[in-house]
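Take a look at the letters that make up each chain.
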Amino acid sequence: MYRDAPHPIRLEDYRPPEFLIDRVDLNFDLDPDLTRVAASLQVRRNPAATRGDGSLTLHGEQLELDGVSLDGYPLTPAEYRLDAESLTLLRVPDSFLLQTWVHIHPASNTALEGLYQSGGMLCTQCEAEGFRRITYFLDRPDVMARYAVTLVGDKARFPVLLSNGNPGESRDLGDGRHEIRWEDPFPKPCYLFALIAGDLGLVEDQYTTASGRPVGLRIYVEPHNLDQCAHAMVSLKRAMRWDEERFGREYDLALYMIVAVSHFNMGAMENKGLNVFNDKYVLARPDTATDQDFAGIEGVIAHEYFHNWTGNRITCRDWFQLSLKEGFTVYRDQEFSAAMGSSAVKRIHDVRGLRAHQFAEDAGPLAHPVRPTAYIEINNFYTSTVYEKGTEVVRMQANLLGPALFRKATDLYFARYDGQAVTTDDFVTCMEDASGRDLTQFRRWYEQAGTPQLWVKGEYDGADGSYRLSVRQFTPATPGQQQKRPLHLPLAIGLLDAGGQELALRLSDEVGDACEAPLPPGTRVLEVRAAVEHFRFVGLPERPVPSLLRGFSAPVKLHFDYSDQDLEFLMARDTDGFARWDAAQTLMQRVLLRLVAEPGSDAPSAFFGACRLALLDTDVAAALRAEVLTLPGESYLADQMRVVDVDGIHRAREFLRRRIGEELRDDLMAVYAAQAETGPYAFNPESAGRRALKGLALAYLMAGGGEEALTRCRDQFAAAHSMTDVMVALRLLVDRGGPAGEAALVEFYRRWSTEPLVIDKWFSIQATSIRADTLEQVFHLMDHPDFSLRNPNRVRSLIGAFCTGNPVRFHAADGAGYRFLADRVLELDPLNPQIASRLLKSMIRWRRFDQGRQELMRAQLARVLDAAALLSKDAYEVASKALEGT
Ligand code: TRP
Ligand code: ZN
C-alpha cells in the first residue's frame, strides 16, 4: 500500500547494478504461519558499473529482520538502515559474504506474491518483484546468480519439497520434519526462483532429447486430480519435440517439473525447472474440460516450456524489456499451436484476441509502447500490448526475413546472448546481423504506441493491364506521444480474378519491393515504409479483387473501399483462410452497424445467401466455417463506433442472430445433424472443429426460436457427450431463461460441485447471461458458499466475467454495474492488488461512451482514486491514468 505519491520508474534511468551476486544459499524452515528464511549471498562489486557512495541497498518488503552479518560478523543496527522497502548496508567491501535472517507469514499473504499458502500447500510467485517478499536481495533481472536451496518442513504436511534445478541430499530430521536440498546449475535472476511444499501426487514420464539425453518429466497435483494430467503431459512432450525441430532448442536439466496450484494470479510461471501453473492450465478430463480448455492447456504448457530458452537462458535486462521474453515466447507458442492444429483457425483466434484487447488498450488512457518507457507498478504492464502486440512485432520480423533467415537470426540470438540479460534492441540487432537488412525504422514498433491505420486504394487500368495500389499510413496520437512517425511493415497481399484464381503478382520495377514469406501461394509481401506508398502490378488481364493483409501480416487497421459483393466474394473464394474470415467479419460488421443506425431495418438477402454458402461449403474445414460464421462481439463493434451505443449494438446483434437462425433454419438443422459424434470424446483439430460448427448451428437455431431447436438443446445438455457440448447448451438454456434454464443450472451444479474449475464455468455462465436480472444474480452468487474473493479464478469467473464479458449488463444506463465494480475493487485491493487493478481496467475507456455513462464511470473511478492513501500502487496507477486530464 502506498503512502506518498508513488513515483514512476523510467527506462532512461536504467543503470547497470553496482553489485553482483554470484551465489545464493537459501534455507527455509517452512510453516504457513511463520517461515524462517536464512540467506547467504556471495556479493561483489560490478566492475562494469560506476562506483556509488560505497553502500549497498537490497530490496525487501514485508520481511521481519532477525539478523544480518557480513563475512561472518554480525552487524549492529547502526551499521545498516532499514525501511519498508529496503535494507541498506552503509559500508561494504568489494567482495563479501552477506547473511540475513528473516521471517515471513505465508498464510496471511493474500496478494499471492512471494511465498503464500494455497489450500494445504505453500508456493511462490516471484515475477516480477515478489522475491523481495522472501528475502533481502537485488531484485532485478540483470542480477543472475547460482542458487542452492535447503527446504525444511513437516513430513506429514509437506511430504513433497521442491525447488529449482536438481535434487540433492535429503534427510529425516527425526522430529517429524525432513529436509531436502536443491541445486540449480544455471545462473538465474531471482524472479525465476520457486519453491513448493505440499502433499502432492505425481504423474511421471520420460523424454529423450534430440541429442539423446534423458529428461524426467513430472506433473505434481493434489492427489484427487491425478486423473486430469494426461493432456498436459502429452502437450509438454510435443512442445519439447517441436522446439528442437523448429528452433533447435533442447531442454537443459535432467528434470522438468510442473506444479498445479488453485490460487494463482495469472496463467502460469516459467520458474527454472519448476513451472508453477494455475490449475486451469493443467487439469483436464473429457467430461470436465472444453475444447477451448484443452487448447489453452496445450498453449500455456508450451509457452512456459519455451520460456526456458526465451526468458530463462536469455533473460531481460530490466522490466521495460518484458516483451523480449513475452513477445517472442508467445510467438513461439502460437506457432506451436498452429502446427498442432489448423494454422488459419489459430491465427483467427489470435487476431480476434488482439483486436478485442490490444487495439482497445492502444486506443485508451493506458496505451503504451511494446517497450514502455515508464511505469508506477510493473505488474500493470503484463498487458496485451507487451504480450500480443509484442508477438506481432516478432512475427513481422519473421515475415520480413522469411523462414530461413529468421531461423538463422534466432540461432544467432541464442548463441550470442546465452546466459545474459538483454534488451529488445539486442534481439533486433540479431535479425539485422543474420539477414544483412537494416531494421532501423522497424525499431519504431517497439517505441511507438497506438494502432496504425492503413488506407489502401486500388486502380485498375484496362488499357495497359496494370493495377496500382496506394497505401497511406497514419498512427493516431496516444497519451504522451502526440507525433507518430511512419512504420516499416510487411503488407501481404494477393490479387484474385473473377473466378477466384490467384493472379500472378508482378510488380513493375519502378516502385516498391517485396520478399517471400510463409503465406499461401500467390501471396506477396509488400514492404511499406513511407507515409504514402504506391505499388504497380502489371500483366493483369482483368480488374482484380485485392486480398489485403493476408494472415494479418501487420497489427494495423486496414481500410479499403470494398463493395458488399467484393466481401461476399472474398468470404467464399479467397485462398487464404484468414482472409476469408476477415472479409466475413468486415461484412458482418457493416451489416450490424447499419442495423444499429437503422433499427427496424433488415439485413440484405445477399448477406443471408453468403452465410448459407459459407455454412454449406464442405470443402472448407468445419472449424473454419464456424469461425467465418461467428458475428463480431459486442465490444469489438463498440470499438468501431464514434460514441458507443451499448443497447443498440446488443439489439442489432441479437436481431441478426435471430434472422440468421430463421433464414437458414433447414440448413442449420442439416449441418447440426451432420456433426453428430458417436465415439468417445477426443481432443483433435477435426473433432473440435466439428463441435464448434455444431455449437454455432445450435446457437443460431435457438436464436431463430421454435420447439425443435429447444428440444435439440435440451438433448445436447442431457447427453453430456463432452463439456464443450454441455457448455454450449447450458449457455443457450440460461440465456433463454425460464424453468429449463433454472433446471439446467441446478443439475449442472449438482453434478460438478466438487470440481472447482467446472464450478468456475457455472459462475461465468450466470455472470455473462444476457438476461435483464444478471447483476442481481451476480450479487446473489457473491453470497454463495463456493464464492471467495481470495481465489483469483473465482473472482475472474464471477466479477471479471460480468465486467468484461457482459457489456450490455455491465454498462446498464443506471450505473449499477459501475458501482458494483468500484465496490469490488475497493474490497479486493487490500487483499490482492494485481487482481483489483486488472478488474478496474474494465472502466478505463469511459470516454468512449455517451455523456450519461461517462459521468457515472468517471464518478466511480474518482471514488476509487479518493481512497488513494490506502490504495495499492497497482490500482492507483490505473485510476489516476484513467482520470488524467479531468
Ligand atoms: N511470466 C509469466 C508468463 O508469461 C507470467 C507472469 C508474470 C505471472 N507475473 C506473474 C504469472 C504473476 C503469475 C503471477 O508465463
Ligand atoms: Zn510468458
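Keep in mind that what you see is a predicted model, and the values were worked out from it rather than measured.

Peer 1: For the pairing of strand E17 (residues 201–208), give the residues involved together with the corresponding values.
Peer 2: Across eight bridges, E17 lies against strand E18 (residues 214–221) in antiparallel orientation. Bridge pairing in E18 links threonine 208 to proline 214. Turn length for the E17-E18 hairpin, with the two strands adjacent in sequence and antiparallel, is five residues, and the turn residue glycine 212 shows positive phi of about 95°.

Peer 1: How would you sum up the coordination of the zinc ion (ligand 2)? Please name residues and give values.
Peer 2: Listed as protein donors to the zinc ion (ligand 2) are His303 (NE2), His307 (NE2), Glu326 (OE) and Glu326 (OE); their distances from the metal cover 1.9 to 2.8 Å. Each of the six donor atoms around the zinc ion (ligand 2) contributes to a set of angles spanning 47 to 162°, which defines the coordination as irregular. As a motif over one chain, the donors of the zinc ion (ligand 2) read H-x3-H-x18-E. On the criterion of sequence distance, the pair formed by histidine 307 in the loop between helix H2 (291–306) and strand E22 (315–316) and glutamate 326 in helix H3 (residues 322–340) is long-range, its members being 19 residues apart. Of the two residues, histidine 307 and glutamate 326, neither departs from the other in class, the shared state being buried.

Peer 1: Residue-level account of empty space enclosed by the protein, with values.
Peer 2: Per the counting criterion, the structure on display carries three cavities of 30 Å³ or more. Roughly 60 Å³ of internal volume is contained in the largest cavity. Ranked by the residues each element gives to the lining of the largest cavity, the list is headed by helix H26 (residues 873–883), at three residues. Of the residues in the lining of the largest cavity, the class split is three nonpolar, three polar and four charged. Residue-level mapping places the lining of the largest cavity at the junction of two domains, with at least three residues from each of domain 2 (315–447) and domain 4 (646–675 + 686–883). Approximately 40 Å³ is the volume attributed to the second largest cavity. As for the second largest cavity, its lining consists of Ser323, Leu324, Phe328, Val394, Thr424, Phe427 and Tyr446. Secondary structure elements with two or more residues in the lining of the second largest cavity: H3 and helix H6 (424–435). Top element by residues in the lining of the second largest cavity is H3. It accounts for three residues.

Peer 1: Quick one: what's the story with the pairing of strand E30 (residues 532–537), residue by residue and with numbers?
Peer 2: By the alternation rule, side chains of E30 split into Glu533, Phe535 and Phe537, which are all buried, and Val532, His534 and Arg536, of which none is buried. Note: strand E26 (residues 466–474) against E30, six bridges, orientation antiparallel. Among the inter-strand pairings, leucine 469 is bridged to a residue of E30, identified as phenylalanine 535.

Peer 1: Run through the packing of helix H24 (residues 833–840) against H26, naming residues and quoting values.
Peer 2: For the pair H24 and H26, interaxial distance at closest approach is 8 Å and the crossing angle is 15°. Taken together, the axes of H24 and H26 are roughly parallel relative to one another. Where H24 crosses over H26, the two elements pack in a sense that is right-handed. Within the contact between the two elements, H24 uses Pro833, Gln834, Ser837 and Leu840 and H26 uses Asp874, Ala875, Val878 and Ala879. Of the residues assigned to the contact of H24 with H26, the class counts are five nonpolar, two polar and one charged.

Peer 1: Explain the site of ligand 1 to me, using residue names and the numbers behind them.
Peer 2: In the vicinity of ligand 1 lie 14 residues, with Glu127, Glu270, Glu304, Glu326 and Tyr387 positioned nearest. In the model, a nitrogen atom of ligand 1 is placed 2.8 Å from a nitrogen or oxygen of the glutamate 270 side chain. One of the side-chain nitrogen or oxygen atoms of histidine 303 is found 3.3 Å away from an oxygen atom of ligand 1. About the coverage of ligand 1: the protein hides 97% of its 370 Å² of free accessible area. Elements represented by at least two residues in the shell around ligand 1 include exactly strand E20 (268–269), H2 and H3. Its residues assigned to classes, the shell around ligand 1 shows six nonpolar, three polar and five charged.

Peer 1: How would you explain the environment of arginine 91 if you had to name every residue and give the values?
Peer 2: Considering the arrangement of structural elements, one finds arginine 91 in the loop between strand E8 (86–89) and strand E9 (95–104). Sequence separation between arginine 91 and alanine 128 is 37 residues, and the spatial gap between their C-alpha atoms is 28 Å. In this structure arginine 91 touches Gly54 and Leu70, once residues within four positions along its chain are discounted.

Peer 1: Which residues make up the domain arrangement of the protein chain, and what are the values?
Peer 2: Frequently, the measure chosen for interface size is the accessible area that the parts lose on association. Segmenting the protein chain into domains produces domain 1 (1–199), domain 2 (315–447), domain 3 (453–555) and domain 4 (646–675 + 686–883). The centre of domain 2, based on its C-alpha atoms, is set 23 Å off from the matching centre of domain 3. With 23 residues of domain 2 at the contact, the number on the domain 3 side is 20 residues. When the area that domain 2 buries against domain 3 is broken down by residue, the three leading residues are Asn399, Arg444 and Trp445, summing to 30%. Here domain 2 and domain 3 share two salt bridges between them. Residue arginine 485 is joined to glutamate 447 by a salt bridge in which the shortest nitrogen-to-oxygen separation is 3.4 Å. The tally of links from domain 2 across to domain 3 stands at nine residue pairs in polar contact (both at pLDDT 80 or more). Residue assignment for the side of domain 2 that touches domain 3 shows that the elements contributing at least two residues are helix H4 (343–362), helix H5 (384–417) and helix H7 (444–447). Classifying every residue of the side of domain 2 that touches domain 3 gives twelve nonpolar, four polar and seven charged.

How each quantity is defined
Residues numbered from 1 in each chain as written. Chains lettered and ligands numbered in written order. Predicted model: local features only at pLDDT ≥ 70, side-chain atom pairs only at ≥ 80, totals over all residues. Heavy atoms only, no water. Pairing = 2+ DSSP bridges. Helix = DSSP H or I, 4+ residues; strand = E, 2+ residues; numbered from the N terminus. Donors = N, O, S within 2.8 Å, 3.2 Å for Na, K, Ca; no water. Tetrahedral: all angles 85-135°; square planar, octahedral: opposite > 155°, others 65-115°. Buried < 20%, exposed > 50% of the residue type's maximum accessible area, 1.4 Å probe, protein only. 1 Å grid on protein atoms, 1.4 Å probe; cavity = no way out; pocket = protein on both sides within 12 Å on 5 of 7 lines; lining within 4 Å. Points joined across faces, edges and corners; volume = space filled by probe spheres on them. Nonpolar A, V, L, I, M, F, W, Y, C, P; charged D, E, K, R; others polar. Domains from an automatic or database assignment. Axes fitted to C-alpha atoms, helices over the stretch in contact; angles between N-to-C directions. Parallel < 35°, antiparallel > 145°, perpendicular 65-115°, else oblique. Left-handed = near helix turned anticlockwise from the far one by under 90°. Contact = heavy atoms within 4.5 Å. Near = heavy atom within 4 Å. Polar contact = N/O pair within 3.5 Å; in protein donor to acceptor, adjacent residues only side chain to side chain. Areas by Shrake-Rupley, 256 points an atom, 1.4 Å probe, with all protein chains shown as cover. Buried area = accessible area lost by both parts, 1.4 Å probe. Salt bridge = Lys/Arg side-chain N within 4 Å of Asp/Glu carboxyl O.

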